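Close look at the chain arrangement
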Amino acid sequence: MLKTLMVALAGLGLSAAVSAQELVEGQHYTLLESPVATQVDEDQIEVTEAFWFGCPHCYRLQTPVNEWYETLDDDVSIVKMPATMGGDWNTHATAFYAAKSLGIEEELHADFFDAIHQDGRSLTDADKIAEFFSDYGVSEEEAKQALTAFSVRSEVNKANSRMREMRLMGVPALIVDGRYVVSPQSAGSLENMPQIADALIEKVRSERTQ
């Protein structure tokens, strides 16, 4: 299993909202040399949230990023992508896509984070994950079938390929339009990540009208 790669939180944060015109490549965000194909309609701007359920920084990001999601316009679509770096990372990615296949992911997502970071549950064992899922209207047997389904395994593999294309070496990260990568380090703090991503959305809108 690859070691957990956590980026250091740097800077004191931004004192005011940054505009699209003020964004500096290499300072506020990283530009991918080869854009990654997006998974949303052409008229939508994709924001991918790369995370790992076991990552404390990803957990801390949930409050500011979810508050930000509530403010986004209708032309923005959120794609949640679990990171796949082997071991427990892949187990949690499998849990994410299994829950999604069962139609319980949205309801379960925050609780899965809480169970790990507040309740101290690792949730890295299929039986424990299936037991956890059973609180959301599915049987443990249905959960176990989903956790071993070929379609779920395929989704994990796709996430792994996409993560490699995005050159992600750690999480959390926000990727805008398959091109612009925002990390805690580039944003200056976890709390600033949505702010930088928001300015990048404006940048994409501007680019599309030119």
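Residues numbered from 1 in each chain as written. Predicted model: local features only at pLDDT ≥ 70, side-chain atom pairs only at ≥ 80, totals over all residues. Heavy atoms only, no water.

Quick look at the packing of aromatic side chains now. Summed over the entire model, instances satisfying the criterion amount to 12 aromatic pairs. Between phenylalanine 53 and phenylalanine 113, the aromatic rings sit 4.9 Å apart at their centres with planes inclined by 65 degrees, giving edge-to-face as the arrangement. Within this pair, whereas phenylalanine 53 is found in the loop between strand 2 (45-51) and helix 1 (56-69), its partner phenylalanine 113 is found in helix 3 (residues 105-117), the two being separated by 60 residues in sequence. Exposure class is identical for phenylalanine 53 and phenylalanine 113. Each is buried. Every member of this aromatic cluster is reached through a ring pair, and the members are Phe51, Phe53, Tyr59, Phe96, Tyr97, Phe112, Phe113, Phe132 and Tyr136. (Phe/Tyr/Trp six-rings, centres within 6.5 Å; stacked < 30°, edge-to-face > 60°. Helix = DSSP H or I, 4+ residues; strand = E, 2+ residues; numbered from the N terminus. Buried < 20%, exposed > 50% of the residue type's maximum accessible area, 1.4 Å probe, protein only.)

Side chains of Glu107, Asp111, Glu131, Asp135 and Glu140 sit close together on the surface and give a patch of like negative charge. On the secondary structure map, aspartate 111 appears in helix 3. Residue class for aspartate 111 comes out partly exposed when judged on its relative accessible area of 33%. (Patch = residues over 30% accessible without salt bridge, like charges linked within 9 Å, V, L, I, M, F, W, Y side chains within 5 Å. Areas by Shrake-Rupley, 256 points an atom, 1.4 Å probe, with all protein chains shown as cover. Salt bridge = Lys/Arg side-chain N within 4 Å of Asp/Glu carboxyl O. Lys, Arg positive; Asp, Glu negative; His and termini not counted. Charge placed at Lys NZ, Arg CZ, Asp CG, Glu CD.)

Taken as a whole, helix 4 (residues 126-133) has its buried residues at Ile129, Ala130, Phe132 and Phe133. Projected down its long axis, helix 4 shows its buried positions confined to an angular sector of 160 degrees, all on one face. The inward-facing, buried residues of helix 4 abut helix 2 (88-101), helix 3 and helix 5 (140-147). For helix 4, the N-terminal cap is aspartate 125; the gap from its side-chain oxygen to the backbone nitrogen of aspartate 127 is 2.9 Å. (Arc of directions from axis to C-beta. Contact = heavy atoms within 4.5 Å. Polar contact = N/O pair within 3.5 Å; in protein donor to acceptor, adjacent residues only side chain to side chain.)

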